Amino acid sequence: MREIVLDTETTGFDPESGDRIVEIGAVELWNHVATGETYHVYINPQRFMPEEAFGVHGIGPDLLEPPRPVEKGQVTLKDKPVFAKVGQGFRDFVADSKLVIHNASFDMKFLNAELGWMGLPPIPMDQALDTLAIARKRFPGSPASLDALCRRFNIDNSNRVLHGALLDSEILAEVYLELIGGRQPDFGLSTSASSSVGGAEEWRPSPRKDALPSRITQDERAAHEKFIDKLGENALWSRA
């Protein structure tokens, strides 16, 4: 089973009001195990960056109004491709895999808006799995932000000073595995003969042709029976 843990950064909250995607980060999982395959791209939104959005992710200081010089470690977007140049590649990477997203409705509306402007078909909403909804159902009334879940599961997010799509997707992958039952939840638990981990065929022991001989000696058996006799007829051992 292939899953893509995904996050985006944007210029705001509403693509219909002119907001655009500026970063996509994704991590590939195979049977709930990270493969090391990632997708990451910065995108020129072809518009100014609002101060509020810049305060969240720190991307594109040269797109602020007025423009600011790019400092060390900051990402400039003027020389990055527009979505129309990367949209098909992104769609090919995702394919029909399940998308694991925190607050999926937000990212999906932006992705489908950008794909629609390109004339590409949208990604069905039922292809997305919302970890925010999972967390709220599992821990009702408790904070369910990515940072709050990192604290709950003792996941190191000390590098998350600002939001970043690839870093957030890597952190979300760890959170997701905890939400569904712990890291590598399929290890030794699957009952499907066709399931596998990391692409390898699953191994299951077959029944022995001949049962192993008892390792209890005659003296041990006699001592055990003598001990049971002392317990009386109501002892649990006597009912077996």
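Note that the structure is predicted; figures quoted are calculated from it, not measured. Just so you know, the residues in each chain are numbered from 1, in the order the chain's sequence is written. A pLDDT threshold of at least 70 governs which residues receive local features in this predicted model, and a stricter bar of 80 or more applies before side-chain atom pairs are shown or counted, although totals over entire chains, interfaces and linings include all residues. As a rule here, side-chain values come from all non-hydrogen atoms in the structure, and water together with hydrogens is ignored.

Draft legend 1. Broad picture of the overall build of the chain. Scanning the chain for helices and strands turns up eight helices and seven strands. Relative accessibility thresholds used throughout: buried, under 20% of the residue-type maximum; exposed, over 50%; partly exposed, between the two (1.4 Å probe, protein chains only). Per-residue burial over the chain gives 41% buried out of 240 residues. The contacts in the chain between residues at least 6 apart in sequence include a share of 61% that link residues at least 24 apart. All accessibility values rest on the Shrake-Rupley procedure with a 1.4 Å probe; residue burial counts only the protein chains present in the view. Summed over its atoms, the accessible surface of the chain is roughly 14,500 Å², and 54% of this surface lies on carbon and sulfur atoms. Comment: elements are numbered from the N terminus, with helices defined as DSSP H or I runs of at least four residues and strands as E runs of at least two. In this description, contact between two residues means that some pair of their heavy atoms is separated by no more than 4.5 Å.

Draft legend 2. Structural detail: unusual backbone geometry. The omega torsion of the bond from Glu 65 to Pro 66 falls at 0°, within 30 degrees of zero and hence cis. Inspection of the secondary structure puts Pro 66 in the loop between α1 (51-57) and α2 (83-94). A positive phi angle, close to 65°, is found at Asn 103, a residue other than glycine. Note that Asn 103 resides in the loop between β4 (98-101) and α3 (104-118). On the accessibility criterion, Asn 103 (31% relative accessible area) is partly exposed.

Draft legend 3. Geometry of the packing of aromatic side chains. In this scheme Phe, Tyr and Trp rings, the latter by its six-membered ring, pair at centre separations within 6.5 Å, and the angle between planes marks the pair as stacked below 30 degrees, edge-to-face above 60, and tilted otherwise. Here the structure, examined in full by the defined rule, presents four aromatic pairs. Here the aromatic residues Tyr 39, Phe 90 and Phe 93 are joined through ring pairs into a cluster of three or more.

Draft legend 4. Layout of the pairing of strand β2 (residues 21-30). Extensive coverage of β2 is indicated by the burial of nine of its ten residues. Criterion used throughout: strands pair if DSSP finds at least two bridges between them. Bridge analysis of β2 against strand β3 (residues 33-42) gives seven bridges, and the strand direction is antiparallel. Across the sheet, residue Gly 25 finds its bridge partner in β3, namely His 40. Taking the residues that link successive antiparallel strands as the turn, the β2-β3 hairpin has two residues, and the phi of Asn 31 there is positive, at about 55°.

Draft legend 5. The arrangement of the pattern of salt bridges in detail. Within this document, salt bridges are pairs made up of a side-chain nitrogen of Lys or Arg and a carboxyl oxygen of Asp or Glu, the two lying within 4 Å of each other. Here the structure, examined in full by the defined rule, presents five salt bridges. One salt bridge in this structure joins Arg 2 and Glu 28, with 2.6 Å as the shortest N-O distance. Here Arg 2, found in strand β1 (residues 2-10), pairs with Glu 28, found in strand β2; they are 26 residues apart in sequence, far enough to count as distant. For Arg 68, the salt bridge goes to Glu 51, with nearest N and O atoms at 2.6 Å. One end of the pair, Arg 68, is in the loop between α1 and α2; the other, Glu 51, is in helix α1, with 17 residues separating them in the sequence. On the basis of relative accessibility, which here comes to 41%, the residue Glu 51 falls in the partly exposed class.

Draft legend 6. Representation of the sheet that holds β4 in the model. Pairing in this open sheet of five strands is mixed, and the strands run β3-β2-β1-β4-β5 from one edge to the other. The open sheet has two free edges, formed respectively by β3 and β5 (128-130), since each of these has just one partner strand. Averaged over all neighbouring strand pairs, the angle between strand axes comes to 25°, with direction disregarded. Working convention: axes come from line fits to C-alpha atoms, limited for helices to the stretch in contact. Angles between N-to-C directions cover 0 to 180 degrees. In the packing of helix α4 (residues 131-138) onto the sheet, the strands contacted are β4 and β5, and the crossing angle to β5 comes to about 35°.

Draft legend 7. Spotlight on α4. Buried within α4 are the following residues: Thr 131, Leu 132 and Ala 135. Relative to the axis of α4, the buried residues are bounded by an arc of 105° and lie together on one face. In α4, the exposed positions that point more than 90 degrees away from the buried face belong to Arg 136 and Lys 137. Those residues of α4 that are buried lie in contact with β4, β5, α5 (146-152) and α6 (165-179). Capping the start of α4, Asp 130 holds a side-chain oxygen 2.9 Å from the backbone nitrogen of Leu 132, two or three residues further along. The arc in question is traced by the directions running from the helix axis to the C-beta atoms. Polar contacts, as used here, are pairs of N or O atoms within 3.5 Å; protein pairs need one atom able to donate a hydrogen and one able to accept it. Residues neighboring in sequence count only if both atoms are side-chain atoms.

Draft legend 8. Representation of the nonpolar core within the structure. Buried Ala, Val, Leu, Ile, Met, Phe, Trp, Tyr and Cys residues form a nonpolar core when they are joined through side-chain atoms within 4.5 Å. Ile 24, Tyr 39 and Phe 90 are the most contacted members of the largest nonpolar core, which totals 23 residues. Among the elements of the structure, β1, β2, β3, α2, β4 and α3 are those that each provide at least two residues to this core. For Ile 24, the contacting residues outside a window of four places in its chain are Leu 6, Asp 7, Thr 8, Tyr 39, His 40, Val 41, Ile 43, Phe 83, Phe 90, Leu 111 and Ala 165. Listed in part, the 21 residues of the second largest apolar core include Leu 132, Ala 135, Phe 153 and Ala 173.

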